[in-house]
Structure formats: structure tokens, C-alpha cells
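Report on the structure
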Number of protein chains: 2
Amino acid sequence: MNNASIITIGDELLIGQVIDTNSAFIAQQLNKVGIAVKRRVAVGDNWDEIWTALDEQQQHADIILITGGLGPTADDITKPLLCNYFNGEMIVNEEVKQHVIDIFTKLNRPIIDRNLKQAEVPSTCEVLFNKRGTAPGMWFEKNNKIFVSTPGVPFEMQGLMIEEVIPKLLKQFNFPHIAHRTLLTAGVGESFLAELINHFEEALPPHIKLAYLPNFGMVRLRLSTSGNNKVEVEKEIDNYFTQLQTLVAPHLVTNEDEPMEKVVAKLLLKNNKTIGTAESCTGGYISHLITAMAGSSAYYKGSVIAYAYDAKENLLYVDKTELETKGAVSKSIVTQMTKGALKSLNVDYAIAVSGIMGPGGETPDKPVGTVWIGVGNADEIITQKMHFRFDRQRNIQLTATAALNMLRQFILSHS
Amino acid sequence: MNNASIITIGDELLIGQVIDTNSAFIAQQLNKVGIAVKRRVAVGDNWDEIWTALDEQQQHADIILITGGLGPTADDITKPLLCNYFNGEMIVNEEVKQHVIDIFTKLNRPIIDRNLKQAEVPSTCEVLFNKRGTAPGMWFEKNNKIFVSTPGVPFEMQGLMIEEVIPKLLKQFNFPHIAHRTLLTAGVGESFLAELINHFEEALPPHIKLAYLPNFGMVRLRLSTSGNNKVEVEKEIDNYFTQLQTLVAPHLVTNEDEPMEKVVAKLLLKNNKTIGTAESCTGGYISHLITAMAGSSAYYKGSVIAYAYDAKENLLYVDKTELETKGAVSKSIVTQMTKGALKSLNVDYAIAVSGIMGPGGETPDKPVGTVWIGVGNADEIITQKMHFRFDRQRNIQLTATAALNMLRQFILSHS
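First, a word on what this report is: a plain description of the structure on this page. Everything quoted here is computed from the prediction, not taken from an experiment. (Residues numbered from 1 in each chain as written. Chains lettered and ligands numbered in written order. Predicted model: local features only at pLDDT ≥ 70, side-chain atom pairs only at ≥ 80, totals over all residues. Heavy atoms only, no water.)

Things to note about the overall build of chain A
Basically, it comes down to this: Strands are runs of DSSP state E lasting at least 2 residues, helices are runs of H or I lasting at least 4, and numbering of each runs from the N terminus. Each residue's exposure class comes from its accessible area (1.4 Å probe, protein chains only) as a fraction of the maximum for that residue type: buried when under 20%, exposed when over 50%, partly exposed otherwise. The accessible surface values rely on the Shrake-Rupley method and a 1.4 Å probe; as for residues, cover is taken only from the protein chains in view. Neither His nor the chain termini are counted; the positive set is Lys and Arg, and the negative set is Asp and Glu. For charged residues, the charge sits on one atom: NZ in Lys, CZ in Arg, CG in Asp, CD in Glu.
Along chain A, the regular secondary structure elements total 16 helices and 17 strands. Projected onto its principal axes, the C-alpha coordinates of chain A cover approximately 75 × 60 × 40 Å. Within chain A, buried positions represent 62% of all 415 residues. Counting only carbon and sulfur atoms, one obtains 50% of the accessible surface of chain A, whose full area is about 16700 Å². Across chain A, the 39 positively charged side chains and the 46 negatively charged ones have centroids separated by 6 Å.

Considerations on the packing of helix α13 (residues 309-316) of chain B against helix α15 (residues 331-344) of chain B
Residues and elements named next belong to chain B. The following threshold applies: Angles shown run from 0 to 180 degrees and are taken between the N-to-C directions of axes, each axis being a line fitted to C-alpha atoms and, for helices, limited to the stretch in contact. These descriptions rest on fixed angle ranges, namely under 35 degrees for roughly parallel, over 145 for roughly antiparallel, 65 to 115 for roughly perpendicular, and the rest for oblique. Here, two residues are considered to be in contact whenever any of their heavy atoms come within 4.5 Å of each other. We call Asp, Glu, Lys and Arg charged. Ala, Val, Leu, Ile, Met, Phe, Trp, Tyr, Cys and Pro are nonpolar, and the rest, Gly among them, are polar.
α15 packs onto α13 with a crossing angle of 50 degrees between their chain directions and a minimal axis gap of 9 Å. On the basis of their axis angle, the class for α13 and α15 is oblique. Contacts between α13 and α15 pair K312, L315 and L316 from the former with Q336, M337, G340, A341 and S344 from the latter. Residues belonging to the contact of α13 with α15 are distributed by class as follows: four nonpolar, three polar and one charged.

Observations regarding the interface of chain A and chain B
Note the threshold: Accessible-area loss on putting two parts together, using a 1.4 Å probe and summing over both, is the definition of buried area adopted here. Any carboxyl oxygen of Asp or Glu that lies within 4 Å of a side-chain nitrogen of Lys or Arg is treated as forming a salt bridge with it.
Tallying the contact residues gives 93 residues for chain A and 90 residues for chain B. Approximately 7500 Å² of surface area, both sides summed, lies buried where chain A meets chain B, with 52% of it carried by carbon and sulfur atoms. The largest per-residue losses of area from chain A upon contact with chain B belong to Q17, R39 and R40 of chain A, which jointly make up 9% of the total buried on that side. On inspection of chain A and its partner chain B, the count reaches ten salt bridges.

Side note on the relation of the copies chain A and chain B
Applicable threshold: Least squares is the method used to superpose the copies, on C-alpha atoms of residues holding a pLDDT of at least 70 in both.
Note on the copies: chain A fits chain B at an RMSD of 0.1 Å, the axial shift is 0.0 Å, and the rotation between them is 180 degrees. The operation mapping one copy onto its partner corresponds to a two-fold rotation axis. Comparing interface residues between copies, 97% of those in chain A also sit at the interface in chain B, which points to an isologous, same-surface contact.

A short note on unusual backbone geometry
With omega at -5 degrees, the peptide bond leading from G358 of chain A into P359 of chain A counts as cis. Its place among the elements puts P359 of chain A in the loop between β15 (349-355) and β16 (370-376). Phi is positive for N87 of chain A, which is not a glycine, with a value near 50 degrees. Structurally, N87 of chain A is set in the loop between α4 (78-85) and β4 (90-92). Backbone geometry places N144 of chain B, a non-glycine residue, at a positive phi of 65 degrees. Its location among the elements puts N144 of chain B in the loop between β7 (137-142) and β8 (145-150). On the basis of relative accessibility, which here comes to 79%, the residue N144 of chain B falls in the exposed class.

Concerning the pairing of strand β2 (residues 36-43) of chain B
Residue and element names in this part refer to chain B. Selection criterion: Should DSSP find at least two bridges between two strands, the strands are taken to pair.
Of all eight residues in β2, seven are buried, a share of seventy percent or more. By the bridge criterion, seven bridges tie strand β1 (residues 3-9) to β2 in an arrangement that is parallel. Looking at the pairing, I7 lines up with V41 of β2.

Brief notes about the pattern of salt bridges
When charged atoms on two side chains of opposite charge get close, those side chains can pair. Residues and elements named next belong to chain A. Under the definition given, this model contains 34 salt bridges over all chains. Ionic pairing is found between E234 and R181, a salt bridge with its closest N-O pair at 2.3 Å. A residue pair is termed long-range when its members are at least 10 positions apart, and E234 in helix α10 (residues 230-247) and R181 in strand β9 (residues 177-186) qualify at 53 residues. For R220, the salt bridge identified is with D257, shortest N-O distance 3.4 Å. Residue R220 is located in strand β11 (residues 218-227), and its partner D257 is located in the loop between β12 (252-254) and α11 (260-271); the two are separated by 37 residues in the primary sequence. Assessed through its relative accessible area of 49%, D257 is described here as partly exposed. Here the salt bridges do not stand alone but share partners, grouping K131, R132 and E163 into one network.

Some words on the pairing of strand β2 (residues 36-43) of chain A
As paired strands, β2 of chain A and β2 of chain B are joined by five bridges and run antiparallel to one another. Across the sheet, A42 of chain A pairs through a bridge with R40 of chain B, a residue of β2 of chain B.

Description of helix α2 (residues 22-32) of chain B
The buried count for α2 of chain B comes to nine of eleven residues, which makes it a mostly enclosed element. Where α2 of chain B is buried, its residues meet α1 (11-14) of chain A together with β1, β2, β3 (63-67), α7 (154-172) and β9 (177-186) of chain B. Phi turns positive, to about 95 degrees, at G34 of chain B, one or two residues after α2 of chain B.

Digging into the sheet that holds β1 of chain B
Each strand in a sheet pairs with another by means of backbone hydrogen bonds, the pair being arranged parallel or else antiparallel. If you trace the twelve strands from one edge of the open sheet to the other, you get β6(A)-β7(A)-β8(A)-β3(A)-β1(A)-β2(A)-β2(B)-β1(B)-β3(B)-β8(B)-β7(B)-β6(B), paired in mixed fashion. Of all strands in the sheet, those with a lone pairing partner are β6 (126-128) of chain A together with β6 (126-128) of chain B, marking the two edges. Here the strands of the sheet are splayed against their neighbours by 20 degrees on average, with no regard to which way each runs. Both β7 of chain B and β8 of chain B contribute to a ladder of five bridges, which runs antiparallel. Each residue of the ladder has a partner; that of W139 of chain B, found in β8 of chain B, is V148 of chain B. Running over the sheet, helix α4 (residues 78-85) of chain B touches β1, β3, β7 and β8 of chain B and is turned about 25 degrees from β7 of chain B.

Describing the nonpolar core
Inclusion rule: Throughout, nonpolar core names a set of buried Ala, Val, Leu, Ile, Met, Phe, Trp, Tyr and Cys residues whose side chains join them through atoms within 4.5 Å.
Among the nonpolar cores identified, the biggest contains 84 residues, and I275, I351 and I373 of chain A together with I275, I351 and I373 of chain B are the most heavily contacted of them. Every residue in contact with I275 of chain B, bar those within four places of it in the chain, is listed here: L268, I290, Y299, Y300, K301, G302, V347, Y349, I351 and L407 of chain B.

A word on the environment of L13 of chain B
Tracing the backbone through its elements, the reader meets L13 of chain B in helix α1 (residues 11-14). Counting along the chain gives 217 residues from L13 of chain B to K230 of chain B, while the straight-line C-alpha distance between them is 38 Å. Those residues in contact with L13 of chain B, other than ones at most four positions away along the chain, are A27 and R40 of chain A together with T8, V18, D20 and A42 of chain B.

Examining the sheet that holds strand β16 (residues 370-376) of chain B
The ten strands lie next to each other as β17(A)-β16(A)-β15(A)-β13(A)-β14(A)-β14(B)-β13(B)-β15(B)-β16(B)-β17(B), forming an open sheet whose pairing is mixed. Among the strands making up the open sheet, the edge pair consists of β17 (381-387) of chain A together with β17 (381-387) of chain B. Strand-to-strand, the axes of this sheet are offset by a mean angle of 10 degrees, without reference to chain direction. Here helix α15 (residues 331-344) of chain A sits on the sheet and contacts β13 (275-279), β15, β16 and β17 of chain A; the angle it forms with β15 of chain A, its principal contact strand, is near 145 degrees. In the packing of helix α16 (residues 392-413) of chain B onto the sheet, the strands contacted are β13 (275-279), β15 (349-355), β16 and β17 of chain B, and the crossing angle to β16 of chain B comes to about 30 degrees.

Section: the environment of V153 of chain B
Residues and elements named next belong to chain B. Secondary-structure assignment places V153 in the loop between β8 and α7. On the accessibility criterion, V153 (27% relative accessible area) is partly exposed. Sequence-wise, V153 and S123 are 30 residues apart; in three dimensions their C-alpha atoms are separated by 24 Å.

As for α11 of chain A
Residue and element names in this part refer to chain A. Cut-off, in case you're wondering: Expected span, for any helix, means 1.5 Å times one less than how many residues it has.
Here α11 spans 17 Å end to end across twelve residues, near enough to the 16 Å set by a 1.5 Å rise per residue. Restricting attention to buried positions, one finds in α11 the residues M260, E261, V263, V264, A265, L267 and L268. Following α11 by one or two positions, N272 has its phi on the positive side, about 55 degrees.

Details of the state of the cysteines
Residues and elements named next belong to chain A. What counts is decided by this rule: Throughout, disulfides are identified as pairs of cysteine sulfur atoms within 2.5 Å of each other.
A full pass over the atoms with the stated rule returns zero disulfides over all chains. Here C125 is not disulfide-linked; the sulfur of C83 is the nearest cysteine sulfur, at 8.5 Å. By relative accessible area, C125 is classed as buried at 14%.

Here we look at the side chain of H177 of chain B
All names here are of chain B. Operational definition: Under this definition, polar contacts are N or O atom pairs within 3.5 Å; protein pairs additionally need one hydrogen-donor-capable and one acceptor-capable atom, and for neighbouring residues in sequence, both atoms have to be side-chain atoms.
Within the element layout of this structure, H177 appears in strand β9. Looking at H177, the relative accessible area reads 18%, which means it is buried. A distance of 2.5 Å separates the side chain of H177 from the side chain of E234, its partner in a polar contact. When sequence neighbours within four positions are dropped, the list of residues in contact with H177 reads T225, S226, G227, K230, V233 and E234.

By themselves, these observations are geometric and do not establish any function.
This is the structure:
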């Protein structure tokens, strides 16, 4: 069995200035083709640290993916280090050189030495052509281990992984088949679920792993296994997955590894219905979740983000007197907002939310985390009051999850 | 000098199902008090892997922060492993037990054995009380090294780090002073900046580090250094930072480590002005960025997210004939959207965006990535056409950055 390690390089990772999304992407791609990631390690822009990480990771894995530390600026030391580590010398790659020249010519910018330096690569590597940027990927082999270096810009790294690295790995190895099955639940906690599936979990054979992945009011449950016989592996995991779905059925959102907003999107597309939102406290986050999905214009028409009272009055037809007497965070106002969105946006379904996300803004009877959610169509509007108890960002995310889940249930029970 | 290593535990990290934000948070907190993070490593829920990581990381660092792998469900093996690693036995901590009982009593939920198990801790640890959840933090000392374990739920881990771990570390050690200075530029690339500050960078003494952190059309430049004399360290880095700001002045957004939306927020607050957005292609993302900041209701009134033509017509007063003849992605429409937002939302400044984010939707004369941006006030509206060449998510983010930067420049030149 071939295992992989991921090394990410950059001081910014060690001072916490950026969040490492690259490792997750690389891990996903490797897992898909049956390469298990054993560990991920992040080191700074420091010669000795990078060198040690290379030495160490080949003890743990056969394939070492390195990302970051390549680029046109002088804080990058990865390329000369790799040249040294793999006993090469720097040579100019003519294809990369021409590519760099082409990019700058197209952008109508002067080419400086710093950019042309991107075309220099260690003589001991195989160049992986990066059509999205100037820094090429590099493939090395040593002691029967494979080392692949890609730039840290996510867009460029992703292109290289999908188009160059994965196909080349598949050509070279025969990987065991890894199978995952993931379902999504909402509205119940991790320990409640654990109790619910207690007997199932205890009866699982050791080669089938179950993981709980809690996230913003939702819990994903994932079964994983691997083996050489793809058909048998898939059949066995499907059998357990069916049992699991039955056990969590009342809380099940989807039996695929997809976000809540995709589930809602599929429902709307299937029923040929449109949606819009009226958001106060979530400030456009629900709208953003919906529109982050490609193709959302087929079912999403728009939103009114009404933070101020006059926006609620003018664009959502909310009653001014009630706003002043009952306050924006109330059953009455969120019902009016839902109705207003249905009308303003001319949609089949609407979501409305109004709440206090914190840190400020609370009143004696409405603490931070108090949220009213409304969902409905022309015939019926239902509302629910929620209490979240976290920080602003998390309260916004939890509100969005709860609102989308309410709409999902509303559509299911009204179609 | 005391160094730290961060170990994150969880299979979900190795299959890329979740993005590790915990490491970044922990690294930030440690850096703030002068503890340098040497490396971060992620391992799966596997006894041997976790054990090896503990063995290895104490070779690299004096303080080992462990997060994840604690919780009420059975996929967690970290606690028994730590008990074993530090030669303890499991004992019940009465304070934690009472806390667990209190939480479930308050939630009016039955307490199950699985929850009560959270009160069991290794006898060789000092318990760090977790008031936000049921799984306590644990502090171990062995071979003159410190090991701290916290649960992986970000909210709980963050509370424990700030209230328990950092204060306890500060009591125990005398750390050197670490200083960072970060500025933000927008609208120019990394290699252009590198050229601009070439001489400055080459003249930097080796103990002052410069890093380039590109992100969504912006580049942050960070200077870092450390030393025992806090006053001298701060004075020296301030001197270099002043030089750096002067060099990049035309592209400088802020000389603090803060996001673009905070810079815009400060400008609006200072001038006592309000803002709203009219978004098509960004689908609420600009609005979300603005409202993710606490206190944004002081200057943000609302947004119209108009994906569909009729939403543009009804809520932003865009001319129907022009929409049909010129298309939504045009100078004329984005100008009308800006004007419409100023009126609909009754704000001092408005941002409008309309574009094609991909993957579908392009026309022969408007490829994916074509975006029109408008910003303005009652007196003047300016527009700009942009071409981004990335995927949907990145195009949305780049559009948001460009629009906020345009507004920032507009406010600066009109006040």
C-alpha cells in the first residue's frame, strides 16, 4: 500500500496568518484515487526545517507532496533547496521560459529577471507544466520515493494536481481502492447521534471506520474502508451505509457528501421553483451560500439584505409601527419579511431571518444569539425562534444552516 | 528560546474533509506572546500515528499543543492514549462531572454515560476547565516538555487557549519578544511589489524577515523579528516598516494587519457615512464581508442582491429595454444599479457589481471573468471593467476585493 505525506511550506502558516486550504485539497484528490494520506506537516521558510521535513516524511510515506515556497519573490528558498537535496544543478527549461514570456507579453507588462528565474529548474526533476502561473511543478524520484513540488497559489496547485500529478501517479502505481460514504444530519448533536447508532457502531468490523464530523449545527457521518477488490469493497460499505441511513433517517439531510445548500438547490430544480431571501442578521451570508453554487441563477432570483429599519420598510413592506413596538427581532417582523421577500423578489419560496449576532446589540429579553427565522410560500409561512450561544461568525453560520434546513423541510412537506 | 509544535488529530484532516483552522488560531496566539511555532503536523485517529507524532514533536519543540480527538463519540482515542503516554490512570474529575451534569440539565436533555465519560481524565494531567463544552483541556509535563491537549471544536479550543493555556504558559516561561508589522496592498502583483522594494529587501539585516502573502488581488507584506529587549526590537522594526510603507505608498491599503472591509468601515465611520450594495454576480458576498464585522450596522444599511432581471428592474430601477439590449454585464447597467442602490437603500455610498463568474454563462464578447463594477454617491458614479480568469469562487472573491478597493479610493478622493 502506498501512503502519502503532505508538506506545506511557509512562515505564514506558522504564525497563523493564512489558513492552509491546500492540504485539504491535496488530501481529497489523493484519497479519491486510493492514496491514503498518513500525515500533513507545515514548516517555515527555513532551509534546515524543510530539509528535515523531507528526511522525516520519507520515513512515513512513499509519496511526498510539497506545496508552497515557490514563486517570484525572494522569500522563497524551496527551489534551490530541492535542487541541492536531489543533487541537481539549476538549468533553464525552455518551455517554461517561453510560457513566462508569453504571459507577460499578453498582460503587456515588462518581463523582469525575477520572473524569468521561474524558468530555472533543478536538472534532476521532471517539470510539470503550470499553465496557470509562472512557477512550474517539479517531480523527483529518490530512494524509491516520489517527491512532487507545486506552487502554493491554490488555483495553480489545484490545476497541477488534477492535470499532472494525479494522472502521473496513477500511471506509476496500482493503488488499493478506498471507499468513503458520507451522510449529513442537521438539528441534533454529536452525542445524541452516537447514542442513536450505538449498536451499529459497536458491531462494525475493524476495517470499517466511522467518523463524526460536526460543523455549524450539522453532523456528517462518514464510513471509510479500503481493499483490493473494488466491487467487494463498494458492496460491503454500501450495505453498512444503508443501515446507517435508516438509523438516522429522521435527521438525515442527504446521503451524499454535499453541503446543505446543494440539497436545497436540487429540491428547487426538481420542483422547478425559485427562491429569494430577506436577511437582516446574516447580512447576505445565506444568499452567498446559495450563489456560490454554479448554476444557481436557475432557481435563485435575489435577496433583500435589510439591516436598517427603512430598508425593511421600503423593500420588504414591513410595518413601521410594529418595527418600533415589537422590535426587528420578532415573530411578527420575520413573518412580514418573508411575505415581503415573496412579493419584492417574485419568488416561489422565501427565507427571512432577523436576530442579534453579537457581540453588541442585546436587550434584556433578547440576548445575543436570539434569532427568528421564517420560511414560506404564497400559501403558508412558518416561523421558529432559535437561541445560539457563540460568537458573531458562528452565530451567522448556524442561522444560515437552520434557515436552509427549515426551507428544505418546508419544501419536502409542501410538495 | 522556547519553540512550539502543533499536533492536530483527526482522520477528517487527512482525507481533506475539513479545513484546519485550529492550527492557524493556535499559531496566532502563541506568536502574540513570543512563542515561535516550529512546525504543525496533522495525523489521523490512529494510536500509533498519534504516539509517533508525540515522540517526534518533542524533538523539535518544548511546548506541544495537541488539538482534536477529544469528544463524546467513540472515534476518539486521544484521551486513553494520553493517559497511557503519560503513565496515568483514568480518574473522575468532580468539577468536570458537575459541569457536564449542569449543561445537560440546563438543556433539559437526558445525561448519558457517553457524556459523563468526559469527566474522566488521566491522573497525570492538570485539568484545564472548558466552560464552553464537556471535554476538558489537559496539561501534561514530561522530560521538561509541556504537552497541552484541547478539544477540536474551534469555539471550545479558542476559549481554552485564551483563558487557560496562554496565561499558564506565560506564568511558566520568560519568552523573547516577537514583533510583526504587516501592511496590505491591492491592485498589483507579488513580483511587481518585489521589484519595487528590491533594494530595501536586499539591505535588510538577516534577523529581519520579509514575507509576501498574496491573497485575492491583494498582497500583504510582513516584517518579523524577535529579541529580548522589547523596546529595541519594536524601535528597529518600526524603522524598517516606515521605509517599506513609503516604498509601496501608491498601492497601500492599510499599515495594519486588517482586512479591506475593516479599512472601508473605518473610513465610513470617520466620515459618518452609510453604505449599501447592489450585487448581481457576487450574490451577497460583498454584503457578507461588510456585515461579518461587529458594529457594521453603524454604517451599513442594506443590499439588493439582484440575480434575476426583474429584481434588477423592480428593486434597482434598471431600465428593462437596456437590460435586454445591452445585457446585465455592461457599463450602463452597473451605473443604473449603483444609482438604484443609492435610492432604494437611502445610503451615502453604493457599490454595484455585475459579471459572469463561471463556469457557464459566457457569451462571445463577454468571457467568464468579465465584471463591471460601479461605485459612487449622489454626485458622481464611476465604473470599471475587470477581467478575472479563475474559478467561480475566486472570481467572486476578486470582484469583492476590487469593488471594496474602488469604493475606498472613491471615498478618499471625495472627502
